[in-house]
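# Geometric and topological summary
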Amino acid sequence: MENYLNQNFHAVKSKHSSEEVLQKWRSLCHVVKNPKRRFRFTANLSKRNEAAAMRRTNQEKLRIAVLVSKAAFQFIQGKFFIGDYQVPEEVKAAGFDICADEAGSLVEAHDIKKLKFHGGVEGLAQKLKTSTTNGLSVDNEGIARRQEVFGVNKFAESPQRSFWVFVWEALHDMTLMILAMCAFVSLVVGIATEGWPGGAHDGLGIVASILLVVFVTATSDYRQSLQFRDLDKEKKKISIQVTRSGYRQKLSIYDLLPGDIVHLAIGDQVPADGLFVSGFAVSIDESSLTGESEPVMVSAENPWLMSGTKVQDGSCKMLVTTVGMRTQWGKLMATLSEGGDDETPLQVKLNGVATIIGKIGLFFAIVTFAVLVQKLVTRKIMVRTLTTWSGDDALELLEYFAIAVTIVVVAVPEGLPLAVTLSLAFAMKKMMNDKALVRHLAACETMGSATSICSDKTGTLTTNKMTVVKSCICLNVKDVSKHEKLDIPDKALKLLLQSIFNNTGGEVVSNKQGKREILGTPTEAAILEFGLSLGGDFQAERNSCTVLRVEPFNSSKKRMGVVVKLLEGGVRAHVKGASEIVLDACDKVVNADGGVVELKEGSLNHLKSTIDEFAGEALRTLCLAYVDFDTNVSVDDPIPSSGYTCIGIVGIKDPVRPGVKESVALCRSAGITVRMVTGDNINTAKAIAKECGILRDDGVAIEGPDFREKSLDELDDLIPKIQVMARSSPLDKHTLVKHLRTTFGEVVAVTGDGTNDAPALHEADIGLAMGIAGTEVAKESADVIILDDNFSTIVTVAKWGRSVYVNIQKFVQFQLTVNIVALMVNFTSACLTGSTPLTAVQLLWVNMIMDTLGALALATEPPNDALMKRTPVGRQGNFISNVMWRNIFGQSVYQFVVIWLLQSKGKSFYELDEDNSDLILNTLIFNSFVFCQLFNEVNSREMEKIDVISGIWNNNVFVSVLGATVVFQVIIVEFLGTFANTTPLTMTQWYYSILTGFLSMPIAVILKMIPVD
């Protein structure tokens, strides 16, 4: 079976599978009882193709709209003239001077003349009753009025499917439809021959069983859909920095209103249509809207910002003009009917298992029906009644057909692929509580097979709470954390504060309570805090010069820079970044007297040794430098790469997160290799890696530039030994991940937070984005978002992934056992005795125990610590292991032998000699069979461990399912005999039925002692 699965169902990957591969496995699934249910959680390829075609059409339309001139746009709109615009009365009454459609048409048409007619960005802001400096001043009434006129920033969503839709889909099961027809015929023939109500019992029993199966199935599926709905809501929670009432604050994008002033930075998704207010070097990726791969530069001359596009570089303030379904993104999303996520490899594999077993079951069902009919015909020939057929004969024939159909119901394990979805939905819900948001189903499953984790350092292994603890200003090293007086000359201090407060992506603002608040990344916040501690005034420094050009931090250059025009005349560029890189660009230094001197070898060595000293103490080091220009410098010229004067070096402490060392040790015991990939100095990286337990004596620490120069042969020897990569670029991370996956067959998880990490996150088997520090671009490329940015959460995800994999294996082991026994018992009984011990109603009940209820019980087991003591499955592991086959065949043989003994020796053992002895015996066989399944369900909790009871009471779902099954079994046997073909049993008979089931537990202990490869 495993070979067949690998040949036909193994090509589907955890992500990026081709349409041809996805189509291939679908074409191999021949025996499907209910396609609506079976393929509910697989990608709808036809819808996906339709959506792609529609997206291309819309992108082309939008691209043309962006490129055409204003005159062409006005011609399309029916020769609209600017001067004709009249503000609608209802808009005027609400207090605004422009309507939603007019504001929306500005960005849609990229109409610069119409924008000028409305007074430019400032004039439009006035018409929207907002300020480009202080943003909206709104109260609840003002918000409601604005929403009424301009709409809300939400997109139309497909309505939640009701419970009855799932009932309807469950009724589409072909075998249940055939059984319903059998029940109808049985009712008609039974009532005609035996009258009411005696002749209706068999038919009503089948109808009741079908309804029970349908409603239990629909309830389970409906609950899953609600879980996925909740997770979808979590995925869409995006916050953005906004200025309102003069204060910077974080708002959900769904609370944005026209007139809001939004602050955009690298990696942000533009949350609404709007206009550029101010900013530097803003580059926008519009490919999601227009299909154009070339980034668009946005400035005062080209101020258009469209919802759904992404900030590739730079930062800016934006005035929101249009929200929700009026935006281009909203209109595009409204026309699309997405085809859903790709199916997971495990779903596909289990579809393969279900197909194989379904074919076997169909064969046995046909043979069983043929044998039973042959026995009936033979009997009629013997008594010479072949030419006369009574109503009883017709009912008997119908019962045989119903049994054959029910064998197909039991034999086709339709619940296998759906058990994956059930387990994943359960795990995803629980992982949300553990601070991990799974964006793609397959990631949760794949994480269980991970063999390697490539982790960032800052914020993942460390706390991301940074403070400057050491400094080397004017060549003097001081310990800031011990409050040593820095004694910086006035001239040098002025330079230092000018550099800190102008060359920053952060801000110092007053919050609503009037308290000082620092905004920006933890690194920026640490340096701004350092500047404030030196007596600096952020606003005064910003007002003392004019910013001409900004180059935001770039992970390839490892630095950021700003060009400012000084009040006293002259132009100066400030840079800060990776210490050794910025220091290499310096040829002068500010000395202890505050004067600028040539950077001689002695001073250079002193600074380099200071960097190494700081890095050796696990400090993040940054170098600050400046260069003066002629006044005629062009703002379009890039900031120079050499000729700088070094102001100083700061050492920033970022403590290792509590619990990281233990988590790394847990990964090692689980066979998962942890590698640190960071842009920091190699000595800082090595110090942190040793503290975390990542770098060991047999490991290699390498810098990105050295890694890039290695040949392919050298990389093959080097990569397995790499434990730390410092000063790495995003391309280095991508190369490392690609080699680990393709050359070494590893299953790789990668963390990332920046826009440039997107290629590595996309390449990895599991991309893990940081929820706090991560950009929207990184999150969109990721499979899992780590909401607390904590490495320990990544380990939790791995544990849950393993739990999903093992839980599905447990369920498969349990279900295949029931399949084999039910098939063999009914088939052999039909062949040898001409009847079957299990009726259609009883088989439907057994089917529900092993399918929906079994999946609920076994697929929702929470993870335990023992899972992280196993080696990972990796890329080539067999899903149905030899251990599982041992347990399946062992239990199947025991159950088959028990039922055959009951059939052949049951009457003498139980001393049955009454008129209804056959009915009592068949009830005992049914009861014993069900209790064998219940105890085997408990056995299946552990595939190798002997102790299967441990932790059982912690799993409320398992205990509830087991308890409910026992209660229903008692009701069926004792009270529903007329419909289920059972009769009440004595206490002794109940005792022996339960004992028969219980004996499967010591059998399981014996089986687990048999060694397998």
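Computed from a predicted structure; not experimentally measured.

When helices and strands are tallied, the chain shows 39 helices and 26 strands. Each of the 1013 residues in the chain was classed as buried or not, and the buried ones make up 55%. For the chain, long-range pairs separated by at least 24 residues make up 74% of all intrachain contacts whose partners lie at least 6 apart in sequence. With the model as given, the accessible surface of the chain reaches about 42,600 Å², and the carbon-plus-sulfur share is 56%.

Once that is clear, we can look at the pattern of salt bridges. Scanning the model with the defined rule gives 24 salt bridges in all. One salt bridge in this structure joins Arg 620 and Asp 680, with 3.2 Å as the shortest N-O distance. Highlighted residues: Arg 620 in strand E19 (residues 619–629) and Asp 680 in the loop between strand E21 (673–677) and helix H26 (682–692), separated in sequence by 60 residues. Salt bridges linked by common partners bring Lys 457, Arg 620 and Asp 680 together as one network.

Residues that lie three or four places apart on an α-helix share one face, since the helix turns once every 3.6 residues. Of the positions making up H26, those classed as buried are Ile 682, Thr 684, Ala 685, Ala 687, Ile 688, Ala 689 and Cys 692. Summarising the contacts, the buried residues of H26 are in contact with helix H24 (601–616), E19, helix H25 (660–669), E21, strand E22 (700–703) and strand E23 (722–726). The backbone nitrogen of Asn 683 has a side-chain oxygen 2.6 Å away, supplied by the residue at the start of H26, namely Asn 681.

What follows concerns the packing of helix H34 (residues 882–909) against helix H35 (residues 917–939). Remark: H34 packs on H35, axes separated minimally by 10 Å, with the N-to-C direction vectors making an angle of 165°. Judged on the interaxial angle alone, H35 and H34 are roughly antiparallel. In this structure, H34 meets H35 at a crossing whose hand is right-handed. Here Gln 891, Tyr 894, Gln 895, Ile 899, Leu 902, Gln 903, Gly 906 and Lys 907 of H34 lie close against H35, whose contacting residues are Ser 917, Asp 918, Leu 921, Leu 924, Ile 925, Ser 928, Phe 929, Cys 932, Gln 933, Asn 936 and Asn 939. Taken together, the residues of the contact of H34 with H35 break down into eight nonpolar, nine polar and two charged.

Quick look at the packing of aromatic side chains now. For any pair of aromatic rings, geometry is given as the distance between the ring centres together with the angle between the planes. Under the defined criterion, the tally for this structure stands at 17 aromatic pairs. On the basis of an interplanar angle of 90° and a centroid distance of 6.1 Å, the ring pair of Trp 164 and Phe 215 is categorised as edge-to-face. Taken as a pair, Trp 164 in helix H11 (residues 163–170) and Phe 215 in helix H13 (residues 201–235) lie far apart in primary sequence, 51 residues in all. With relative accessibility at 57%, the residue Trp 164 sits in the exposed group. Residue Phe 215 is classed as partly exposed on the basis of its relative accessible area, which comes to 32%. Ring geometry for Phe 935 and Phe 998: centres 5.8 Å apart, planes at 85°, overall edge-to-face. In this pair, Phe 935 is assigned in helix H35 and Phe 998 in helix H38 (residues 987–998), connecting sequence segments 63 residues apart. Joined through ring pairs, the aromatic side chains of Phe 163, Trp 164, Phe 166, Phe 215 and Tyr 222 make up one cluster. In this arrangement the basic side chain of Arg 161 is found over the ring face of Phe 166, its NZ or CZ atom lying 4.7 Å from the centre.

What follows is about a negative patch on the surface. On the surface, a cluster of negative charge is made up of Asp 713, Glu 714, Asp 716 and Asp 717. Structurally, Asp 716 is set in helix H28 (residues 712–718). Under the relative-accessibility criterion, Asp 716 is labelled partly exposed at 31%.

In the sheet, strand E3 (residues 261–264) pairs with strand E7 (residues 310–322) via four bridges, with the strands oriented antiparallel. The residue of E7 that forms the bridge with Ile 261 is Leu 319.

In this section: the state of the cysteines. The final tally for this structure, using the stated rule, is zero disulfides. Cys 472 provides the cysteine sulfur closest to Cys 474, a residue in no disulfide bond, and the two sulfurs are 8.8 Å apart.

Helix-helix packing: each pair is described by the crossing angle between the helix axes and the interaxial distance. In contact at an axis separation of 7 Å, H35 and H38 are set at 40° when each is read in the N-to-C sense. Relative to H38, the element H35 lies oblique. Here H35 runs over H38; the crossing is right-handed. Of the residues in H38, those in contact with Ile 920, Leu 924, Asn 927, Ser 928, Phe 931, Cys 932 and Phe 935 of H35 are Gln 989, Trp 990, Ser 993, Ile 994, Thr 996, Gly 997 and Phe 998.

The next point concerns the confidence of the model for the chain. Within the chain, residue pLDDT values average 83, and 90% of them lie at 70 or more. For the stretch residues 69–82, pLDDT sits under 50, and the model shows 14 contacts to residues farther than four places along the chain or on other chains.

Within the element layout of this structure, Thr 462 appears in the loop between strand E9 (452–455) and strand E10 (467–473). Taking the relative accessible area as the measure of exposure, Thr 462 reaches 0% and is therefore buried. Looking at Thr 462, its side chain comes within polar contact range of the side chain of Asp 654, at 2.5 Å. Each residue touching Thr 462, except ones within four places of it in the same chain, is listed here: Lys 457, Asp 654, Pro 655, Val 656, Arg 657 and Ile 688.

Time to look at a nonpolar patch on the surface. The grouping of Val 966, Val 967, Val 970, Ile 971, Phe 975, Leu 976 and Phe 979 at the surface amounts to a nonpolar patch, some 560 Å² of accessible area in total. Here the nonpolar patch takes five residues from helix H36 (residues 956–975), the largest share from any one element. Here Leu 976 lies in the loop between H36 and helix H37 (977–980). Given the relative accessible area of 35%, Leu 976 is considered partly exposed.

For the rest of this paragraph, the subject is the pairing of strand E2 (residues 247–252). The sheet contact formed by strand E1 (residues 239–244) and E2 spans six bridges and is antiparallel. Considered in E2, the bridge of Arg 244 is made with Tyr 247. Linkage of E1 to E2, two consecutive antiparallel strands, is achieved through a turn of two residues, within which Ser 245 is found at a positive phi near 50°.

With that settled, consider the environment of Leu 22. Within the fold, Leu 22 resides in helix H2 (residues 19–28). Judged by relative accessible area, which is 0%, Leu 22 ranks as buried. Distance in space between the C-alpha atoms of Leu 22 and Val 348 is 9.1 Å, their sequence separation being 326 residues.

Turning our attention to the side chain of Asp 765. The residue Asp 765 is located in the loop between helix H30 (758–763) and strand E25 (766–770) in this model. Here Asp 765 falls in the buried class, since its relative accessible area comes to 4%. Side-chain polar atoms of Asp 765 contact the side chain of Arg 741, separated by 3.0 Å. A distance of 2.9 Å separates a polar atom in the side chain of Asp 765 from the backbone nitrogen of Val 748.

This part takes up the environment of Ile 98. Note on placement: Ile 98 falls in the loop between helix H6 (89–94) and helix H7 (100–109). For the pair Ile 98 and Val 87, spaced 11 residues apart in the sequence, the C-alpha separation amounts to 5.8 Å. Filtering out sequence-adjacent residues up to four positions away, Ile 98 remains in contact with Tyr 85, Val 87, Val 91, Ala 103, His 118, Leu 124, Lys 127, Leu 128 and Phe 150.

A word on unusual backbone geometry. Positive phi, close to 70°, is recorded for Lys 435, a residue that is not glycine. Inspection of the secondary structure puts Lys 435 in the loop between helix H18 (415–433) and strand E8 (436–438). Backbone geometry places Asp 789, a non-glycine residue, at a positive phi of 60°. Topologically, Asp 789 is positioned in the loop between strand E26 (784–786) and helix H32 (791–833). The class of Asp 789 is buried, set by a relative accessible area of 2%.

The rules behind the values
- Residues numbered from 1 in each chain as written.
- Predicted model: local features only at pLDDT ≥ 70, side-chain atom pairs only at ≥ 80, totals over all residues.
- Heavy atoms only, no water.
- Helix = DSSP H or I, 4+ residues; strand = E, 2+ residues; numbered from the N terminus.
- Buried < 20%, exposed > 50% of the residue type's maximum accessible area, 1.4 Å probe, protein only.
- Contact = heavy atoms within 4.5 Å.
- Areas by Shrake-Rupley, 256 points an atom, 1.4 Å probe, with all protein chains shown as cover.
- Salt bridge = Lys/Arg side-chain N within 4 Å of Asp/Glu carboxyl O.
- Polar contact = N/O pair within 3.5 Å; in protein donor to acceptor, adjacent residues only side chain to side chain.
- Axes fitted to C-alpha atoms, helices over the stretch in contact; angles between N-to-C directions.
- Parallel < 35°, antiparallel > 145°, perpendicular 65-115°, else oblique.
- Left-handed = near helix turned anticlockwise from the far one by under 90°.
- Nonpolar A, V, L, I, M, F, W, Y, C, P; charged D, E, K, R; others polar.
- Phe/Tyr/Trp six-rings, centres within 6.5 Å; stacked < 30°, edge-to-face > 60°.
- Lys NZ or Arg CZ within 6 Å of the ring centre and 35° of its normal.
- Patch = residues over 30% accessible without salt bridge, like charges linked within 9 Å, V, L, I, M, F, W, Y side chains within 5 Å.
- Lys, Arg positive; Asp, Glu negative; His and termini not counted.
- Charge placed at Lys NZ, Arg CZ, Asp CG, Glu CD.
- Pairing = 2+ DSSP bridges.
- Disulfide = S-S within 2.5 Å.
- pLDDT = per-residue confidence, 0-100.

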